[in-house]
Amino acid sequence: MVQAHKQPNYIGVFWWLLALTIIEVGVIFTPLAKVLIAILLVGLALSKACLVAMYFMHLKFERTTLGLIAVTPLVLCVLLVFALLPDHSAAPHQTAGAVAAPAPPPSR
Amino acid sequence: MSQVAVMHPEVEPAESPLTPESWGKLGMWIFLAGDAMSFGALLAGYGALRYGSSDWPVPSIVLGVSLTAFMTFLLICSSVTMVLALAGIQRGDMAALRKFLALTILGGAMFLGMQAYEWTHLVHDGLGLTVNRWGASLFGTTFFLITGFHGAHVTGGVIYLSCYLIRSLVGRLTQRHANQIEIAALYWHFVDLVWILVFTFVYLL
């Protein structure tokens, strides 16, 4: 088999993934606004997913059309989230049992 | 291009237009795109149910983060060993392939063991498919469905890679089969990629 591209620095990608994971876990304990934390977390997760797809799955070295196939589910999922938005704004529902008696605090 | 295609130029081309290495690789990419939609639909459904609920618990408090952060680390490590296994077979170093493939399988198996441990504790503490002592019962339903679906993928990946390890051990895998390992590696990295998203959306957010 002929290798079409130079091998990327896999260990370098590993350190990036590790660093981003540590930042992600750290972010949830910061006293920032919830929306800001959510945006940061989604941004960090997508960055990590991109690193895995581009370098480990070699998408960076593949043809552009293959990249389009890979990106399609993400586009469709974003559309799906928007399609579900009316449900988000519907009246909030609550578990029947939890209405009468608030849930006990966790034992741990 | 194969001899058949040279002799019969009007037949389907032997070379995939998107993945010149093999049609199998294109097939795996298309399968993964479809599979990604399954996970995407589950996560989008999770989001819709969560934001429509008034008593959804804070996941990081109920589930804990340290064990799953380590599980994430483990899957990232197994992705690295997988690329090293592929690099091994591509240069004809079958010993490296076997070593790194075995480490990848070990990483997957350890991940599954930790997931079983986590599930057991959560069920014992009062989180089930239809029960949740911390609030919305749908939290339990979606949690077990999404992590279970992912766990099933890891199980499939461990079996998939074990087949290649066995083939390699009995001498039925050579450098010529590097392409098959590349396709298997795509699947394994996808499982890692999905976990990165599941970890963020189900545990951290």
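Please refer to the structure placed before this passage.
Since we're looking at a predicted model, the values are computed, not measured.

About the thresholds
- Residues numbered from 1 in each chain as written.
- Chains lettered and ligands numbered in written order.
- Predicted model: local features only at pLDDT ≥ 70, side-chain atom pairs only at ≥ 80, totals over all residues.
- Helix = DSSP H or I, 4+ residues; strand = E, 2+ residues; numbered from the N terminus.
- Contact = placed C-beta atoms within 7 Å.
- Axes fitted to C-alpha atoms, helices over the stretch in contact; angles between N-to-C directions.
- Parallel < 35°, antiparallel > 145°, perpendicular 65-115°, else oblique.
- Left-handed = near helix turned anticlockwise from the far one by under 90°.
- Nonpolar A, V, L, I, M, F, W, Y, C, P; charged D, E, K, R; others polar.
- Buried ≥ 20, exposed ≤ 12 C-beta atoms within 10 Å, placed from the backbone.

## Quick look at the environment of A:Ala70
Mapping A:Ala70 onto the fold places it in helix 3 (residues 64-83). Note: C-alpha distance between A:Ala70 and A:Met57 (13 residues apart in sequence) is 11 Å. If sequence neighbours within four positions are ignored, A:Ala70 has contacts with A:Ala53, A:Leu59, B:Trp29 and B:Ala33.

## Here we look at the packing of helix 1 (residues 10-27) of chain A against helix 2 (residues 34-56) of chain A
Relative orientation and spacing of two packed helices are given, respectively, by the angle between their axes and the distance between those axes. Residues and elements named next belong to chain A. Where helix 1 meets helix 2, the axes come as close as 10 Å, and the angle between the chain directions of the two elements is 165°. In terms of axis orientation, helix 1 runs roughly antiparallel to helix 2. Of the two possible hands of crossing, helix 1 and helix 2 adopt the one that is left-handed. Here Val13, Trp16, Leu17, Leu20, Ile23, Glu24 and Val27 of helix 1 come into contact with helix 2, specifically with Ile37, Leu40, Leu41, Leu44, Ser47, Lys48, Leu51, Tyr55 and Phe56. Broken down by class, the residue content of the contact of helix 1 with helix 2 amounts to 13 nonpolar, one polar and two charged.

## Some thoughts on the environment of B:Val158
Residues and elements named next belong to chain B. Inspection of the secondary structure puts Val158 in helix 6 (residues 137-169). Given 21 C-beta atoms within 10 Å, Val158 falls into the buried group. Sequence-distant contacts of Val158, defined by excluding residues within four places in its chain, comprise Ile105, Gly108 and Ala109.

Just geometry here; none of it tells us what the structure is for.
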